[in-house]
Structure formats: structure tokens, C-alpha cells
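# An overview of the molecular structure
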Amino acid sequence: MAVSGNPGALHITTAVPGSQPTSVSNNATTYTVTTPNANKTYRITAQVNANMPVGVTLTATFAAPAGATSVGPVALDVTARNVVTGVPKSTNSTQSITYQLSGTAAAGVIASSTRMVTLTVITP
Amino acid sequence: MTAKRILSTIALVVSAAGAASAQTATQTITFQIDAINQIAFSGSPSLVINTATAGSNPTGATAAATWAVTTNQTGAKITASIGSNMPAGLTLSVNVTAPAGATSAGSLALSTTAVDLVTSITKLAQGSMAVSYSLSATAAAGVVSSTTRTVTYTITGGT
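Residues numbered from 1 in each chain as written. Chains lettered and ligands numbered in written order. Predicted model: local features only at pLDDT ≥ 70, side-chain atom pairs only at ≥ 80, totals over all residues. Heavy atoms only, no water.

### Observations concerning the overall build of chain A
Looking only at helices and strands, chain A has 0 helices and 10 strands in total. Element order for chain A, N to C, with α for helix and β for strand: β-β-β-β-β-β-β-β-β-β. Taking the principal axes of its C-alpha atoms as reference, chain A extends roughly 55 × 25 × 25 Å. The buried share of chain A, reckoned over its 124 residues, is 39%. Within chain A, residue pairs in contact and separated by at least 24 positions form 74% of the contacts whose partners lie at least 6 positions apart. Carbon and sulfur atoms make up 49% of the accessible area of chain A, which amounts to about 5,400 Å² in all. (Helix = DSSP H or I, 4+ residues; strand = E, 2+ residues; numbered from the N terminus. Buried < 20%, exposed > 50% of the residue type's maximum accessible area, 1.4 Å probe, protein only. Contact = heavy atoms within 4.5 Å. Areas by Shrake-Rupley, 256 points an atom, 1.4 Å probe, with all protein chains shown as cover.)

Here you go:
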């Protein structure tokens, strides 16, 4: 399992009046998954090292390699969540990662912060 | 070591290599939310005074509009002013409905000096709130031909 690097900062700066702050996204990074030749399928999980502030949501969408299935947008927290399932054996594939940051008005102003996302390839 | 035992040992090594390939990778996500204070007022209301009750000043006119706000700060406020003062004897007032938890000052006369219309707006996003304009005139104001004023609303962020 490898990633192409860290995405640029996700920075919410505006809102449509009457609506919640406008979410932002970043799809500039990729992940590469390689699976063994063992006769199994694999899944990829993602989690952050600390929960997001109240009212702030970090969502990740992982494109799936051939034969696998993307779970779609997943809100990340400290619990490992499936993001891709059914990765076949002998896979060697690079796919996109899209992160989205959203926040409610009630979340208030959030100073620049970081979270570490851990991706894991495991057997079901 | 028999041939069977050698094969078993090799199988074990391969299996262990497979298990070790379960891997992790990490990314660092940086995020931030700035102070956000956004308002919008819709409509271009028209106010016409064209009658009076005999013995009284001309009958005032009213018009409606709507507004919306998003702020992620505490204690934001809305002020309003017009670009030039109203003609003598004419008063343009506005009453802006407060969003949840905030306070409206009620109907206030507009001039070139900004007045606080709504205060204590805190961390919310709310739309479709009522704005009511009213125009009143004294008889002494006389006849005033069609004219316009632009009302400038400003949201000032809190903390």
C-alpha cells in the first residue's frame, strides 16, 4: 500500500447566504494497492488519528481497482471504515482519492489543523 | 528431511510472506475553516404614497422583501444605511426579522448613518426571513417624483 503524497490543504472560506459553508474537495492524490497471490480478496480501510471537530466532516472517496468495489464517500473517524472491498488477489493498481471537507456554521472558525489518515489493506 | 517436510516448509514461508504484505500507508490532511459572514437581500421594493385620510398626513406605504444570512461567528450584526438622505418630510424605514437567537431592533429609519438592525447573530445559516420597508411622508413634504435609494446592508462578524 502506498500513496502519492499529502493532499493540499482543505480550506473552507465562504458560504451561500442562508446555506451552510461551502464544502471543498481535493482529488490530487492517489493510492497504489498491491495484493498477494494468495487465493483471497482484500479490503481497504481508512481512519483518522483523532476525530474531527464537532460539526466538521472529512469524507474520503476511494476509486476501486478492477474487480473491486468502492464504498463511495465515507466520513472518516477514529474507527477503521471500509473504503474499498473485494480487491482481487494479485492486484497492482493505482487509483484516485478524493477528500471533501464540510462544516456547519455551528462549527465556527477552525484554525489550521491536521489529521493523519491511515489506509490499511487487510483480508476480510 | 523428507521431501514432504521440505514442501511444507516452503508453503509456510510463502504464506508468511503473503500475510506480511498486508500494509498500511498514511496521509496527512490539513484543514481550516475561516470566519464566514455572508448576507443576501432579495427584491427591489417599490413604495408609492398616493392617498390620505382627510385631516391626517398621507397614508404610508409598505413593501416586503426577504433576506438570508450565514455566519460561523458569535455576535455578528447587520447594519444598514442609504446613499443619500431622504427628502425632507419623507421617512424610509426598514424592519428586518431576526434569525433564531438573534435580536431585531424593529423598524428603524434609514439615513446615511448606519444603524444596527439585527444583533447577536451567532453561528447559523438561515434564509427566507422577512424584510419590511415602509415609507411615510408629511403633507409638508409635497409631491416627490419617482426616486430611488440604495440600501446598503453590512454584516459585521463577531468573535
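### Details of the interface of chain B and chain A
Of the residues lining the interface, 31 residues belong to chain B; the matching set on chain A comes to 46 residues. Of the roughly 3,300 Å² buried between chain B and chain A, counting both surfaces, carbon and sulfur atoms make up 59%. Three residues, B:Gln27, B:Phe31 and B:Ile33, lead the burial of chain B against chain A; their summed loss comes to 28% of the area buried on that side. At the surface where chain B touches chain A, the tally comes to 21 residue pairs in polar contact (both at pLDDT 80 or more). Among the secondary structure elements, those contributing two or more residues to the side of chain B that touches chain A are β1 (24-33), β2 (37-42), β3 (61-71) and β9 (124-137) of chain B. Of the residues assigned to the side of chain B that touches chain A, the class counts are 13 nonpolar, 16 polar and 2 charged. Two strands pair when backbone bridges link them, and strand β10 (residues 110-122) of chain A and β1(B) are joined in this way by 9 bridges, in the antiparallel orientation. From the neighbouring strand, A:Ile110 faces β1(B), where its bridge partner is B:Ile33. (Buried area = accessible area lost by both parts, 1.4 Å probe. Polar contact = N/O pair within 3.5 Å; in protein donor to acceptor, adjacent residues only side chain to side chain. Nonpolar A, V, L, I, M, F, W, Y, C, P; charged D, E, K, R; others polar. Pairing = 2+ DSSP bridges.)

### Observations concerning the pattern of salt bridges
Evaluation of the coordinates by the stated rule reveals 2 salt bridges over all chains. Between A:Asp77 and A:Arg81 there is a salt bridge; the shortest N-O distance is 2.6 Å. Classification of A:Arg81 by relative accessible area gives partly exposed; the value is 33%. The closest approach of N and O atoms between B:Lys77 and B:Asp116, which form a salt bridge, is 3.3 Å. Taken together, the residues span a long stretch of sequence, with B:Lys77 in strand β4 (residues 76-82) and B:Asp116 in strand β8 (residues 115-121) at a distance of 39 residues. In this structure B:Asp116 comes out as partly exposed when scored by relative accessible area, which is 34%. (Salt bridge = Lys/Arg side-chain N within 4 Å of Asp/Glu carboxyl O.)

### A short note on the sheet that holds strand β4 (residues 42-48) of chain A
Spatially, the 6 strands line up as an open sheet ordered β2(A)-β1(B)-β10(A)-β4(A)-β8(A)-β6(A), and their pairing is mixed. Across the chains shown, the open sheet's two edge strands, defined by having one partner strand only, are β2 (10-12) and β6 (69-70) of chain A. Judged from the 2 bridges that link them, β6(A) and strand β8 (residues 81-87) of chain A form a sheet pairing that is antiparallel. Note that in β8(A) the partner of A:Thr69 across the bridge is A:Thr85.

### Structural notes on unusual backbone geometry
Located in the positive-phi region is A:Ser90, a residue other than glycine, with phi close to 60°. Summarising the element assignment, A:Ser90 is placed in the loop between β8 and β9 (92-103). Its relative accessible area of 44% is what places A:Ser90 among the partly exposed residues. In the Ramachandran plot, B:Lys123 falls in the positive-phi region, its phi being about 45° despite a non-glycine side chain. By secondary structure assignment, the location of B:Lys123 is in the loop between β8 and β9.

### As for the environment of A:Phe62
Residue and element names in this part refer to chain A. Of note, phenylalanine 62 is situated in strand β5 (residues 56-62). Phenylalanine 62 gets classed as buried once you look at its relative accessible area, which sits at 0%. For phenylalanine 62 and valine 83, which are 21 residues apart along the polypeptide, the C-alpha to C-alpha distance reads 6.2 Å. Residues within four places of phenylalanine 62 in sequence aside, it is in contact with Tyr31, Ala46, Ser70, Val83, Val84, Ser96, Ile97, Tyr99 and Leu119.

### Examining the packing of aromatic side chains
Within the structure shown, the criterion is met by 3 aromatic pairs over all chains. Ring centres of A:Tyr31 and A:Phe62 lie 5.4 Å apart, and the angle between their planes is 55°; this geometry places the pair in the tilted category. You can see A:Tyr31 sitting in strand β3 (residues 24-34) and its partner A:Phe62 sitting in strand β5, a full 31 residues away along the chain. Per residue, the accessibility class of A:Tyr31 equals that of A:Phe62, and both read buried. Ring centres of B:Phe41 and B:Trp67 lie 5.4 Å apart, and the angle between their planes is 15°; this geometry places the pair in the stacked category. (Phe/Tyr/Trp six-rings, centres within 6.5 Å; stacked < 30°, edge-to-face > 60°.)

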